[in-house]
Amino acid sequence: KGPIVPAKQPDRPACRLVASGGPPQLGSMDAVLPDSRERAQASLRIDELRALLRRADDAYYLLDRPMMPDADYDARIRELRALEVRYPELASPDSPTQRVGGRPSDLFAPVRHAAPMLSLDNAFTLEELQAWYARVEREVGLAPALFCELKIDGLAVALTYEQGAFAVGATRGDGEVGEDVTANLRRVRDVPPRLALEAPPRRLEVRGEVYLPFAAFEELNAELTSQGQRPFANPRNAGAGSLRQKDPSVTGRRKLGLWTHGIGAAEGLRLERHSEALGWLSRAGLPVNPSSSPAASLEEAWAFCRRWEAGRGALDYAIDGVVLKVDGLRLREELGATAQAPRWAIAYKFAPEERATLLHRIEVHTGRSGKVTPFAFLEPVSVGGATVSLATLHNEDEVRRKDVRDGDTVVVRRAGEVIPEIVGPVLDLRPAGSRSWPFPATCPSCGTALVRAEGEADWRCPNRTGCPSQSVEWLFHFASRGAMDIDKLGYQTGLALLERGLVRDPADLYFLTDRQLASLPGLGPRSVRALLDAIERSKDRPLWRLLVALNLRHVGPGVARKLAAAFPSLDALASASAEELRAAESIGPEIARSVHGGLREPSMQALVEKLRRAGVRLRDPLPERAAAGPLQGMRVVLTGALQSMSREEAERAAQQAGGFVASSVSKRTSFVVAGEGPGSKLAKARALGVEVIDEREYLRRLGRG
Ligand code: IVH
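Participant: It is not clear to me how the state of the cysteines should be interpreted in this structure. Could you clarify?
Facilitator: When the sulfur atoms of two cysteines share a covalent bond, that bond is a disulfide. As enumerated under the stated definition, the model contains zero disulfides in all. The structure places no disulfide on C305, whose sulfur is separated from the nearest cysteine sulfur, that of C148, by 6.1 Å. Of the cysteine sulfurs around C443, a residue in no disulfide, the closest is that of C446, at 3.7 Å. Taking relative accessible area as the criterion, C443 reaches 3% and is therefore assigned buried.

Participant: Sorry if this is basic, but what is going on with the packing of aromatic side chains here?
Facilitator: Here the distance between the centres and the angle between the planes together describe a pair of aromatic rings. All told, the structure shown has 14 aromatic pairs when counted by the stated rule. Ring centres 6.2 Å apart and planes at 50° place the aromatic pair W132 and Y133 in the tilted group. For the pair formed by W132 and Y133, the shared burial category is buried. When the centroid spacing of 5.3 Å and the interplanar angle of 75° are considered together, the rings of W302 and Y348 count as edge-to-face.

Participant: Just checking my understanding: could you explain the pattern of salt bridges for this structure?
Facilitator: A side chain with one charge may pair with a side chain of the opposite charge, provided their charged atoms come close. Evaluated as defined, the whole model comprises 47 salt bridges. Put simply, R112 and E176 hold a salt bridge, and the shortest N to O gap is 3.8 Å. Taken together, the residues R112 in strand β1 (residues 110-112) and E176 in the loop between β5 (165-171) and β6 (177-179) connect sequence positions 64 residues apart. R701 serves as the salt-bridge partner of E691, at 2.6 Å between the closest nitrogen and oxygen. Taken together, the positions of E691 in strand β21 (residues 691-693) and R701 in helix α27 (residues 695-701) put the pair 10 residues apart, joining distant regions of the chain. It is possible to trace a salt-bridge network through shared partners that takes in R312, E353, E354 and R413.

Participant: Which parts of the structure should I look at to understand the packing of helix α3 (residues 36-61) against helix α4 (residues 70-86)?
Facilitator: Relative to each other, α3 and α4 sit at 145°, their axes nearing to 10 Å. For the crossing formed where α3 meets α4, the hand is left-handed. Contacts between α3 and α4 involve E38, A42, R45, I46, L49, R50, L52, L53, A56, D57 and Y60 on the former and, on the latter, D70, Y73, R76, I77, E79, L80, L83, E84 and R86. Its residues assigned to classes, the contact of α3 with α4 shows 11 nonpolar, no polar and nine charged.

Participant: What am I meant to see in α3 here?
Facilitator: Each turn of an α-helix holds 3.6 residues, which means side chains three or four residues apart point in the same direction. An ideal rise of 1.5 Å per residue puts 38 Å on 26 residues; α3 measures up with 36 Å between its terminal C-alpha atoms. Along α3, the residues classified as buried are A42, I46, L49, R50, L52, L53, A56, D57 and A59. Where α3 is buried, its residues meet α4.

Participant: What is the right way to read the sheet that holds strand β20 (residues 671-674) from this model?
Facilitator: A sheet is described by the order of its strands in space; here four strands give the open sequence β19-β18-β20-β21, paired in parallel fashion. Two strands in the sheet have a free side with no partner beyond their single neighbour: β19 (660-662) and β21. On average, each strand axis in the sheet is inclined to that of its neighbour by 35°, with strand direction left out of account. The pairing of β20 with β21 spans three bridges and is parallel. Among the inter-strand pairings, V673 is bridged to a residue of β21, identified as I693. Contacts between helix α26 (residues 680-688) and the sheet are confined to β18 (635-639), β20 and β21, with β18 contributing the most and set at about 135° to the helix.

Participant: Any chance you could explain the site of the ligand here in plain terms?
Facilitator: Taken together, the neighbourhood of the ligand is formed by 14 residues, with E149, I152, R172, E209 and K325 sitting nearest. Here E149 contributes a side-chain N or O atom positioned 2.8 Å from a nitrogen atom of the ligand. With respect to the ligand, the side chain of H261 contributes an N or O atom lying 3.4 Å from a nitrogen atom. When the ligand sits alone it has 520 Å² of accessible area, and the protein chains cover 87% of it. When residues of the shell around the ligand are traced back to their parent elements, those giving at least two are β3 (146-152) and β10 (319-326).

Participant: I tried to follow the nonpolar core on my own but got confused; where do I start?
Facilitator: The biggest cluster of nonpolar side chains holds 62 residues, and the ones touching the most others in it are I486, L570 and L611. No other element matches helix α18 (residues 543-549), which puts six residues into this core. Apart from the residues within four sequence positions on either side, L570 is in contact with L543, L546, L547, L550, L599, V608 and L618. Counting 32 residues, the second largest nonpolar core, distinct from the first, contains V181, L204, V206 and F232.

Participant: Honestly, the pairing of β20 in this entry has me stumped. Any pointers?
Facilitator: On any regular strand, side chains alternate: one points to one face of the sheet, the next to the other face. Taking every second residue as pointing to the same face, both faces of β20 are buried, with F671 and V673 on one and V672 and A674 on the other. Read from β20 through α26 to β21, the crossover connection turns out right-handed.

Participant: Is there a simple way to think about the environment of E300 in this case?
Facilitator: By secondary structure assignment, the location of E300 is in helix α11 (residues 298-311). Residue class for E300 comes out partly exposed when judged on its relative accessible area of 43%. Along the primary structure E300 and F147 are separated by 153 residues, whereas in three dimensions their C-alpha atoms are 10.0 Å apart. Dropping the residues within four chain positions of it, E300 is found in contact with P294 and A295.

Participant: What is the right way to read the side chain of S242 from this model?
Facilitator: Checked against the element boundaries, S242 lands in helix α8 (residues 235-243). Polar side-chain contacts of S242 include one of 2.9 Å to the side chain of R254. In this structure, S242 is in contact with L220, T251, R254 and L256, ignoring residues within four places of it in sequence.

About the thresholds
Residues numbered from 1 in each chain as written. Predicted model: local features only at pLDDT ≥ 70, side-chain atom pairs only at ≥ 80, totals over all residues. Heavy atoms only, no water. Disulfide = S-S within 2.5 Å. Buried < 20%, exposed > 50% of the residue type's maximum accessible area, 1.4 Å probe, protein only. Phe/Tyr/Trp six-rings, centres within 6.5 Å; stacked < 30°, edge-to-face > 60°. Salt bridge = Lys/Arg side-chain N within 4 Å of Asp/Glu carboxyl O. Helix = DSSP H or I, 4+ residues; strand = E, 2+ residues; numbered from the N terminus. Axes fitted to C-alpha atoms, helices over the stretch in contact; angles between N-to-C directions. Left-handed = near helix turned anticlockwise from the far one by under 90°. Contact = heavy atoms within 4.5 Å. Nonpolar A, V, L, I, M, F, W, Y, C, P; charged D, E, K, R; others polar. Expected span 1.5 Å × (residues − 1). Pairing = 2+ DSSP bridges. Near = heavy atom within 4 Å. Polar contact = N/O pair within 3.5 Å; in protein donor to acceptor, adjacent residues only side chain to side chain. Areas by Shrake-Rupley, 256 points an atom, 1.4 Å probe, with all protein chains shown as cover. Core = buried A, V, L, I, M, F, W, Y, C linked by side-chain atoms within 4.5 Å. Right-handed = clockwise from strand over helix to strand, strands pointing away.

What follows is the structure in structure tokens.
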């Protein structure tokens, strides 16, 4: 085994325990003496955790291939630490809890650090930060000013400059001895070969973090995959792998970045505050992260933490928390450090965006358009600030590509507002005898054989009108807030209506009687009235909502609004050719085909007739102003830049004058307005013999001339 920092008795247990998550049952420890069975169980669990964590350490530090997400590693370290606190006789100096970093590999020459490169204690909540700050306050007798920095999720390095020239670069290694990666660091663009100082210190050791930006990470993984190699799990491992290359020219190609965040040792430098040191580093030409900020109080520091926890998506590199540091350097000395971490700093760790959990089973669901989507039932896990128990697997190819199987431990990711996704299985934890998951051949709802068209990713249930799952999903979609907005129609009611045959398609809703509704379970007279009223009100919705409700492929609210702006009624839309549909703004060929074909299907035509009979409005009332405008009924196409107004203003002006703005030129175009630098639309207008006018003439026709 490699060198390990010896376990010292923590001289300030309260601080360490709080900062590291704390033992869960401090109170109960005094009250009940654990009996020997419990102790034996704890001993087994300790062995198990140590073995697992050692394997994970090696995978992480030596192979740059993490076995599990950080959050799970941290949780297991916390569990082990709690057990070791509870059963001190089972503690051991070679436990993974006593390690500062990994062990240095023998790929590189060893370098002893001028001062040990320590780790940071973690806090996961405001309360834990408060406990840390209270302890600092007690220790130094005042409420010290803090400095907040992003916690870069990269690889810790120490750079030594001698007489202003970059001399030695090392990884952290075990904290005392790191790996000599000087030649590789010379190839990192952000590492200046010389300090930009007139009189540099004789010797300076700076500490920082090497990282791989997201874009470079994606690029690298794409390259590895195309060469049939295994991609990296995350930017940090990719960064570590890129820095720890035998051939420095490989490192040089990897677009690594560096942020420096402190001084390890400096000869002849006198500074009072950390913030001052960062300013000095920056002036010396070293990269200092600009998103740092002084905080006069813990409240201010907390606001910084919250801001970046929500805002980290805006960065082009990964951060996993915020580091709070006491700004005064003399106070820091007073506070000192334990064997593992300084007392003058703490890392506030963000809610993890990745966690591992058990995948119970994969199932498929048939949606409102017949698309059959596989999804995973997960053991509930808290990730990205939400509890996740279901995750979509999108389609067959995705399941195959990720090769996730029933019973796998999988990594689940949820970043910001993004829908949770399964990153992939943890192969080391795959149960023996597991088999890859076969996509079902038939619809789980109606048993119809599924079809997958050539070139498409999705399997579909072709039973458009008779599949219960499609019917209920469509009915629910039809009534949803984004469509006809029938707010009293819940899922259960919809299901009951379909099951009893009272509704076969959404148009049947408009023919329901109060007697029929009253026969449903759980609907009293008052609910029946409210539902009938809601159905009645939905007859006058704007055309775009009706278009969304009709469930045509590719027609969401955005496309529906465009279509409704271009065509006055559902009938006009239904009788338009695919080409005419395409003339509407941002309507591409695929959407045009889907609308054109969809509205011509016999079942859809029958549905529209039923809606008409029910008195559902199939056109928007004409806006008064538009009816009176000078461009009434005209189709206008704009091309090139105008002097007096933006493109948006020019479009709005046409619409307010009663005209319609089309995105492409056709024979039906009334005229084309050509501004500065017109595009191909001008040529097309000339070819079709469509009138072309300039800006002055346009303004005149708008009545603004
Ligand atoms: S200060 C004595 N500042 O996080 C340690 N560390 O988990 C002082 N890290 O070992 C470290 N960003 O490698 C500091 N702005 C930052 C940091 C940062 C990332 C790393 C550093 C440290 C690790 C602890």
